[in-house]
Amino acid sequence: MKGVILRQTDARLVDIAHDFPRQDVRAAAFWLREVLPEFPAATHLVVVDPGVGTDRAAIVVEVAGHRIVAPDNGVALPAARRLKERADGETEIQVYDIAYDDDTTASNTFHGRDVFAPAAARVHEADAVADASGISATDEWVDLQFPDPVFDEDSATGEVLVVDDFGNTITNIPGHVLDDRQRVTVNGESAPVRDAYAQMDSGERLVTVGSHGNVEFAVNQGRGDEAFDLSVGDSVSLTW
Amino acid sequence: MKGVILRQTDARLVDIAHDFPRQDVRAAAFWLREVLPEFPAATHLVVVDPGVGTDRAAIVVEVAGHRIVAPDNGVALPAARRLKERADGETEIQVYDIAYDDDTTASNTFHGRDVFAPAAARVHEADAVADASGISATDEWVDLQFPDPVFDEDSATGEVLVVDDFGNTITNIPGHVLDDRQRVTVNGESAPVRDAYAQMDSGERLVTVGSHGNVEFAVNQGRGDEAFDLSVGDSVSLTW
Amino acid sequence: MKGVILRQTDARLVDIAHDFPRQDVRAAAFWLREVLPEFPAATHLVVVDPGVGTDRAAIVVEVAGHRIVAPDNGVALPAARRLKERADGETEIQVYDIAYDDDTTASNTFHGRDVFAPAAARVHEADAVADASGISATDEWVDLQFPDPVFDEDSATGEVLVVDDFGNTITNIPGHVLDDRQRVTVNGESAPVRDAYAQMDSGERLVTVGSHGNVEFAVNQGRGDEAFDLSVGDSVSLTW
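Residues numbered from 1 in each chain as written. Chains lettered and ligands numbered in written order. Predicted model: local features only at pLDDT ≥ 70, side-chain atom pairs only at ≥ 80, totals over all residues. Heavy atoms only, no water.

As annotated in an unreviewed UniProt entry, chain A carries the name S-adenosylmethionine hydrolase and is attributed to Halolamina salifodinae. UniProt, in the comment section headed Sequence similarities (unreviewed entry), describes chain A in these words: "Belongs to the SAM hydrolase / SAM-dependent halogenase family." (UniProt positions renumbered as here; feature names shortened; annotations may be inferred.)

In structure tokens form, the structure reads like this:
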């Protein structure tokens, strides 16, 4: 993919990650939502693409000067909405379709090389996205929404969105529910609330607010997913 | 290696991969053959070097404007031949020897830092490869050839060249043998032929043509090597 | 972190490693000591930070034109001393404190994004480190020293500092103790001394001098840590 891009443009390439969980559109969508808004406006290329070779579309999502080139499986939409929020709503999300001919120009197994990288190069070079060859505005695309947590007087119920490389187990429950609390109950078991991992002894578990602003389950110098016995998609009931 | 290069030149550095299977010259040779022809002409630096510290030579392989700096263990040759093919044969492969003094200037365990990175910087800066200090044309080098498959009226017999990170099991059998077929027999077991992974249900196996143009064994959202019980070097008999 | 930096500066970004052992300050300190002196003078950004969110300081270590931005946990000091040695002592190590407000501007779990990356961008842009906003010289910081080996007439006793990705087991014992020896005894078991991995048959163990200049235990095409049954921190007695 880098070679294909560098044959067409001298854009600066910046590696974000090559180790998103394989085929996991939701996990990639979560991380992109956290990462892309930290970047200056740029063309971003995303290939987490379990539907490669089917008739799923290829798209560009434009918002706030960012251009996200990705398969039409929803992976780019949470990031696009976050970018819109950060721009105080003074921008719109515009989606474009990338035309490609599966029969003649693309493999059925690696559109990253054959479809997305060439499109990213064209999009990077174009003054306006719609000026890029083979790319035209569309109003149909696949969305991906993370579920909203449910709040009660003394509880919040959500789910595990992702587990990071350290084992930190990240939920969709906003961190403010932990404000001024010393302990909460996680799926029936009490656990301490702390501001930082190292406020617990090594190997001890804690509930904290992660860098993404959500409730996360962790172990100082260990793995929260194992200590709390939680995996991606698991339901989480938090009571206080 | 990057530091050594950046002390000598302001070349743009592009990471291709740092996770080729360790010590596996054949796997690296395969991936380089697939990847390097996608790049514009450049100096490429390859260090898969199980013979480090022995008297194996260090070489530069030049073809079609590309300069591949590598140990003399064959790792660069399949890529060089592919680059020559892509240039319609209107180029020759020229090999150069990199002189180095093992006793005084190089460690015996990390020639990437001590021999190859400095040579890559010199080669990058030189108008002609032979202008680079310590580098001279040679006509002796170690070759590496992937085996050819054997074809019969109703079968092809080849071998597994590599298994990729997804578990896709890539053979040396050209993909055209699957044309217009719905099923083939793989080492005695029947399996469906499909254009794309997602044409099977999740977890179901398939035979397909990979992005490299060869027959590959895969599982939609799973690992083909496990489902077909195949490893690198295993013989594969395909009948139809 | 890359996005944060690129919003503030157009510095060239060079990836060194994203796979240092998690939370392992000693291992990171060792690798940085080996790697940073190979680079031209630059701003280096290091985030191995088990104390994130506590009151540990954030610092810049300046030496020989290099500026290392890191948590104040000692991770940068071995590299700084090595850089000083390489400059023949004609430079001093100067440490600066990075002011940050944990309550208002930083998460408690990801200072890489919230404290260190912004500081690295400011330090990179500043003519003098102390010119950078929020950064001032200090004479208090956390040090990290690797233990010295103990020598006897016919032995050296040290410890395993790190194990690399290949399984090579790297000690703090200087390589010169192997000069002119054919065999040594490692924790009571005899093993051959060789210049290069490939001087042994595949799978056979050896004692050698690694690219860092220290005694290392290895297996040709295998893992030295497993063959010698050694882990980081283990004591090593070498006799001859």
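Having seen it, we continue.
Novice: Teacher, can you tell me more about the nonpolar core here?
Specialist: Proteins that are soluble and globular tend to have nonpolar side chains buried together. Residue and element names in this part refer to chain A. Judged by nonpolar contacts, the single largest core of 28 residues is most densely connected at F30, L32, V61, I68 and V75. Where this core is concerned, the elements lending two or more residues are α2 (25–35), β2 (58–63), β3 (66–71), α3 (77–86) and β7 (155–163). Here this core gets seven residues from one element, more than from any other, and that element is α2. Shared between two domains, this core takes at least three residues from each, and those domains are domain 1 (2–138) and domain 2 (150–239). (Core = buried A, V, L, I, M, F, W, Y, C linked by side-chain atoms within 4.5 Å. Buried < 20%, exposed > 50% of the residue type's maximum accessible area, 1.4 Å probe, protein only. Helix = DSSP H or I, 4+ residues; strand = E, 2+ residues; numbered from the N terminus. Domains from an automatic or database assignment.)

Novice: Would you explain α2 of chain A in this entry?
Specialist: Residues that lie three or four places apart on an α-helix share one face, since the helix turns once every 3.6 residues. Residues and elements named next belong to chain A. Across the eleven residues of α2, nine count as buried, placing the element largely inside the fold. Those residues of α2 that sit buried are V25, A27, A28, A29, F30, W31, L32, R33 and E34. Buried residues in α2 make contact with α3, β7, β8 (169–174) and β12 (214–219). (Contact = heavy atoms within 4.5 Å.)

Novice: What exactly am I supposed to notice about the interface of chain A and chain C here?
Specialist: The extent of an interface is frequently quoted as the accessible surface area lost upon association of the parts. Counting from both sides, the interface comprises 20 residues of chain A and, opposite them, 22 residues of chain C. Around 1,700 Å² of area is buried between chain A and chain C when both sides are counted, 54% of it from carbon and sulfur atoms. Looking at the side of chain A facing chain C, the largest losses of area belong to R12, E38 and S211 of chain A, adding up to 31% of the total buried there. Counting across the chain A and chain C interface gives two salt bridges. Note that R7 of chain C and E38 of chain A form a salt bridge whose closest N and O atoms lie 3.5 Å from each other. Between the two partners, chain A and chain C, sit six residue pairs in polar contact (both at pLDDT 80 or more). (Buried area = accessible area lost by both parts, 1.4 Å probe. Salt bridge = Lys/Arg side-chain N within 4 Å of Asp/Glu carboxyl O. Polar contact = N/O pair within 3.5 Å; in protein donor to acceptor, adjacent residues only side chain to side chain.)

Novice: Hey, could you run me through the sheet that holds β3 of chain A in this one?
Specialist: Each strand in a sheet pairs with another by means of backbone hydrogen bonds, the pair being arranged parallel or else antiparallel. Residue and element names in this part refer to chain A. Taking strand neighbours across the sheet as the criterion, the five strands line up as β1-β3-β2-β4-β5 in an open arrangement whose pairing is mixed. This sheet does not close on itself; its edge strands, each paired only once, are β1 (43–45) and β5 (135–138). Ignoring which end each strand starts from, the neighbouring axes of this sheet average 30° apart. Here four bridges tie strand β4 (residues 94–98) to β5, and the two strands are oriented antiparallel to one another. Within the sheet, the bridge partner assigned to V95 lies in β5 and is T138. Its contacts with the sheet put helix α4 (residues 111–125) on β1, β2, β3, β4 and β5, and the angle it makes with β3 is roughly 165°. (Pairing = 2+ DSSP bridges. Axes fitted to C-alpha atoms, helices over the stretch in contact; angles between N-to-C directions.)

Novice: Please clarify how the pairing of strand β8 (residues 169–174) of chain B should be interpreted in this entry.
Specialist: Where a strand is regular, its side chains alternate between the two sheet faces. Residues and elements named next belong to chain B. Where burial is concerned, most of β8 is hidden: five out of the six residues are buried. In this structure, strand β7 (residues 155–163) lies alongside β8, joined through three bridges in antiparallel fashion. Paired with V163 across the strands is T169, a residue of β8. Taking the residues that link successive antiparallel strands as the turn, the β7-β8 hairpin has five residues, and the phi of G167 there is positive, at about 95°. Alignment of β8 against strand β12 (residues 214–219), held across three bridges, turns out to be antiparallel. Bridge pairing links T169 to F217 in β12.

Novice: Would you explain the environment of E204 of chain C in this entry?
Specialist: Residues and elements named next belong to chain C. Its place among the elements puts E204 in the loop between β10 (189–192) and β11 (205–209). Residue E204 is classed as partly exposed on the basis of its relative accessible area, which comes to 41%. Considered as a pair, E204 and A218 are 14 residues apart in the sequence and their alpha carbons are 8.5 Å apart. Apart from the residues lying within four places of it in its own chain, the contact partners of E204 are A218, V219 and N220.

Novice: What exactly am I supposed to notice about the packing of α2 of chain A against α3 of chain A here?
Specialist: For any two helices packed against each other, one specifies the inter-axial angle together with the distance between the axes. Residues and elements named next belong to chain A. Viewed as axis vectors pointing N to C, α2 and α3 meet at an angle of 25°, and their least axial separation amounts to 7 Å. In terms of orientation, α2 and α3 fall into the roughly parallel class. For the element pair α2 and α3, the recorded crossing hand is right-handed. Listed contacts from α3 to A29, L32, R33 and E34 of α2 are P78, A79 and R82. Considered class by class, the residues forming the contact of α2 with α3 number four nonpolar, no polar and three charged. (Parallel < 35°, antiparallel > 145°, perpendicular 65-115°, else oblique. Left-handed = near helix turned anticlockwise from the far one by under 90°. Nonpolar A, V, L, I, M, F, W, Y, C, P; charged D, E, K, R; others polar.)

Novice: So what exactly am I meant to see when it comes to the side chain of K2 of chain A here?
Specialist: With respect to the helices and strands, K2 of chain A occurs in helix α1 (residues 2–8). Once you skip the residues sitting within four places of it in the chain, K2 of chain A turns out to touch L13, D15 and H18 of chain A together with V14, D15 and F39 of chain B.

Novice: Explain the relation of the copies chain A and chain C to me, please; I cannot follow it from the model alone.
Specialist: One copy of the chain maps onto the second through a rotation around an axis plus a translation along that axis. For the pair chain A and chain C, the best superposition has an RMSD of 0.0 Å and corresponds to a rotation of 120° with a translation of 0.0 Å parallel to the axis. Seen this way, the second copy is the image of the first under a three-fold rotation axis. Relative to the rotation axis, the C-alpha of D15 of chain A is the closest in chain A, positioned 5.1 Å from it. A share of only 10% of interface residues in chain A that are also interface residues in chain C marks the association as one of differing surfaces. (Least-squares fit on C-alpha atoms with pLDDT ≥ 70 in both.)

Novice: Even after reading the chapter, I still don't get the interface of chain A and chain B, so can you show me in this structure?
Specialist: Every contact between the two is made by 22 residues of chain A and, on the other side, 19 residues of chain B. For the pair chain A and chain B, the two sides together bury roughly 1,700 Å², of which 54% comes from carbon and sulfur. Inspection of the region where chain A meets chain B yields two salt bridges. Counting across the interface, chain A meets chain B through six residue pairs in polar contact (both at pLDDT 80 or more).

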